[in-house]
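Here's the letter readout for the chains.
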Amino acid sequence: MHRVLITGAGGGIGRSLRETLHGVYPVLRVSDRVDIGPARAGEEVDRTELADRAAVERMVEGCDGIIHLGGISGENTWEKILEGNIVGLYNVFEAARLAGVKRIVMATSNHAVGFYRRDQTINHNVMVRPDSRYGVSKAFSEALGSLYSDKHGIGFFGVRIGNFGTRPIDKRRLSIWISPRDLTQLVRIGLEHPDIRYEIVYGVSNNRRSWYDNSNAVRLGYRPQDDSEPYAAEVLAKEPAGADPIAERRQGGTFCAEEYSAETERD
Ligand code: 15L
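Reading the values: the criteria
- Residues numbered from 1 in each chain as written.
- Predicted model: local features only at pLDDT ≥ 70, side-chain atom pairs only at ≥ 80, totals over all residues.
- Heavy atoms only, no water.
- Helix = DSSP H or I, 4+ residues; strand = E, 2+ residues; numbered from the N terminus.
- Rg over C-alpha atoms; globule rule 2.2 N^0.38 Å.
- Areas by Shrake-Rupley, 256 points an atom, 1.4 Å probe, with all protein chains shown as cover.
- Lys, Arg positive; Asp, Glu negative; His and termini not counted.
- Charge placed at Lys NZ, Arg CZ, Asp CG, Glu CD.
- Salt bridge = Lys/Arg side-chain N within 4 Å of Asp/Glu carboxyl O.
- Buried < 20%, exposed > 50% of the residue type's maximum accessible area, 1.4 Å probe, protein only.
- Patch = residues over 30% accessible without salt bridge, like charges linked within 9 Å, V, L, I, M, F, W, Y side chains within 5 Å.
- Phe/Tyr/Trp six-rings, centres within 6.5 Å; stacked < 30°, edge-to-face > 60°.
- Pairing = 2+ DSSP bridges.
- Axes fitted to C-alpha atoms, helices over the stretch in contact; angles between N-to-C directions.
- Contact = heavy atoms within 4.5 Å.
- Near = heavy atom within 4 Å.
- Polar contact = N/O pair within 3.5 Å; in protein donor to acceptor, adjacent residues only side chain to side chain.

Asker: Please provide a residue-by-residue account of the overall build of the chain, values included.
Answerer: Looking only at helices and strands, the chain features 10 helices and nine strands. The C-alpha atoms of the chain give 18 Å as radius of gyration, which agrees with the globular expectation for 267 residues (18 Å, within 12%). The dimensions of the chain, computed from C-alpha atoms along their principal axes, are 50 × 40 × 35 Å. About 12,100 Å² of surface is accessible on the chain, with carbon and sulfur atoms providing 50% of the total. Of the side-chain charges in the chain, 35 are positive and 37 negative, and the distance between the mean point of each set is 2 Å.

Structure (C-alpha cells):
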C-alpha cells in the first residue's frame, strides 16, 4: 500500500484514523465533503461529494487502498441514504475498479444485522437482518463488495462496526464498543493481510458482553486489546429505566424500535 484514501475523513472515525494511520503508509489521502484542514507531511487533502461521479474518480485516482467511511452514518430519509450510501457508494466502487485499487476496507455496521436478538450470538455467516434504511444500505455495501471481489478481483474487508469511541456510552454499547486502537488494528489487517478476497468481520473490542462470534477476525490475526467491562458498573448505573421492549430485545436497539409497526414480532 503506497497511497491509502480515507473517505469521510472529517467524521469521528475518520479523524481518529487520520491520526493513528499518520506515517503508516507513504501517502494518506484524506477526503470529505467538508473542509478538513490543510495537508500535513505525508498527506493529501481532497474535498469531494460522493454523488459526483467525475469528482469521485479524481478522488480515487492513484490510490492502492480505500478506507470507505463516507456517506450517511445513521438512519435518515430514503433520499439521503440513496444519495450518500447507494449512489455515492457505487461511485466509489466504480472509481476503484477504473483506478485498479487493490483493497477496499468498508465501514459497514452492526445495523446490517441489527434485528437479531440480544440473546443470540451471531457470526460473519448469518443472513443480513437490517434494522433501518441505513442498515439496508450497509447490507448493500457488503453485496457490492462481493460483486467487485468476484468479478473484478478487488479485495473487500467489510467491518461491521459496533460503536466507536474512547469508552462505551451505554448498556447496549457495552456489547458492541470498539476502541480507536482496536479499530486501527482491524483496518490495517484489512489493508495489509495478503490473502483477503472477501471478508466480513465485526468491528468490536474484546468485550466480555459481546453478541458476536468474531472468530473470522481472529483467524485473520485480530487481537483486540480493549474490553468494555471495566466501564460496566459506571455505565449501568447511569442507564435510564423503562427502555422500549423492542429496542431492549434487539441488538440494533432504538434503530429497531423507530418506525416499528409489526403486530407480531419475528423471532
Ligand atoms: C452506527 O452504525 C452508527 O454509524 C453510529 O453512529 C452508532 O449509531 C452505532 O452504529 C451504534 O449502533 O451505536
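Asker: A description of the pattern of salt bridges should follow, citing residues and the corresponding values.
Answerer: Enumeration over the complete set of coordinates arrives at 24 salt bridges. With a closest N to O distance of 2.8 Å, arginine 29 and glutamate 44 form a salt bridge. Taken together, the residues span a long stretch of sequence, with arginine 29 in strand β2 (residues 27–32) and glutamate 44 in strand β3 (residues 43–47) at a distance of 15 residues. The partner of aspartate 119 in a salt bridge is arginine 117, with the nearest N and O atoms 2.8 Å apart. Overall, aspartate 119 belongs to the exposed group, its relative accessible area being 60%. Look at the salt bridges and you will find they share partners, linking Arg18, Glu19, Arg40 and Glu43 into a network.

Asker: I'd like to hear about a nonpolar patch on the surface, residue by residue, with values.
Answerer: Together, Trp78, Leu82 and Val87 line one region of the surface with nonpolar side chains, adding up to about 250 Å² of accessible area. Within the fold, valine 87 resides in helix α3 (residues 78–99). When its relative accessible area of 36% is taken as the criterion, valine 87 is described as partly exposed.

Asker: Which residues make up the packing of aromatic side chains, and what are the values?
Answerer: By the definition in use, this model includes seven aromatic pairs. Seen from their ring centres, phenylalanine 93 and phenylalanine 156 are 6.3 Å apart, and the 40 degrees between their planes marks the pair as tilted. With phenylalanine 93 in helix α3 and phenylalanine 156 in strand β6 (residues 155–161), this pair connects stretches of sequence that are 63 residues apart. Phenylalanine 156 matches phenylalanine 93 in its accessibility class, with the two residues each being buried. With a centroid separation of 5.2 Å and an interplanar angle of 10 degrees, the aromatic rings of phenylalanine 156 and tyrosine 198 are classed as stacked. You can see phenylalanine 156 sitting in strand β6 and its partner tyrosine 198 sitting in strand β9 (residues 198–203), a full 42 residues away along the chain. Given the relative accessible area of 1%, phenylalanine 156 is considered buried. On the accessibility criterion, tyrosine 198 (29% relative accessible area) is partly exposed.

Asker: I'd like a rundown of the sheet that holds β2, residues and numbers included.
Answerer: In space, the seven strands of this open sheet follow the order β3-β2-β1-β4-β5-β6-β9, with parallel pairing throughout. Edge positions in the sheet fall to β3 and β9, since each of these pairs with one other strand and no more. On average, adjacent strands in this sheet sit at an angle of 20 degrees to one another, irrespective of strand direction. The pairing of β2 with β3 spans five bridges and is parallel. Opposite leucine 28, over in β3, you have glutamate 43 as the bridge partner. Where helix α1 (residues 12–20) meets the sheet, its contacts fall on β1 (3–7), β2, β3, β4 (65–68) and β6, and the angle it forms with β1 comes to roughly 155 degrees. This element, helix α6 (residues 180–192), spans β1, β4, β5 (103–109), β6 and β9 of the sheet and lies at about 140 degrees to β5.

Asker: Run through the site of the ligand, naming residues and quoting values.
Answerer: Taken together, the neighbourhood of the ligand is formed by Ser73, Ser109, Asn110, His111, Tyr134, Gly162, Asn163, Arg172, Arg173, Ile176 and Phe255. Within the backbone of serine 73, a nitrogen or oxygen atom sits 2.6 Å from an oxygen atom of the ligand. In the model, an oxygen atom of the ligand is placed 2.7 Å from a nitrogen or oxygen of the tyrosine 134 side chain. When the ligand sits alone it has 320 Å² of accessible area, and the protein chains cover 77% of it.

Asker: Hey, could you go over unusual backbone geometry for me, with residue numbers and the actual values?
Answerer: Most of the time, phi is negative for any residue but glycine, and the peptide bond is trans. One non-glycine residue, glutamate 259, lies in positive phi territory at about 65 degrees. Looking at where glutamate 259 falls in the secondary structure, it is placed in the segment after α10 (254–257).

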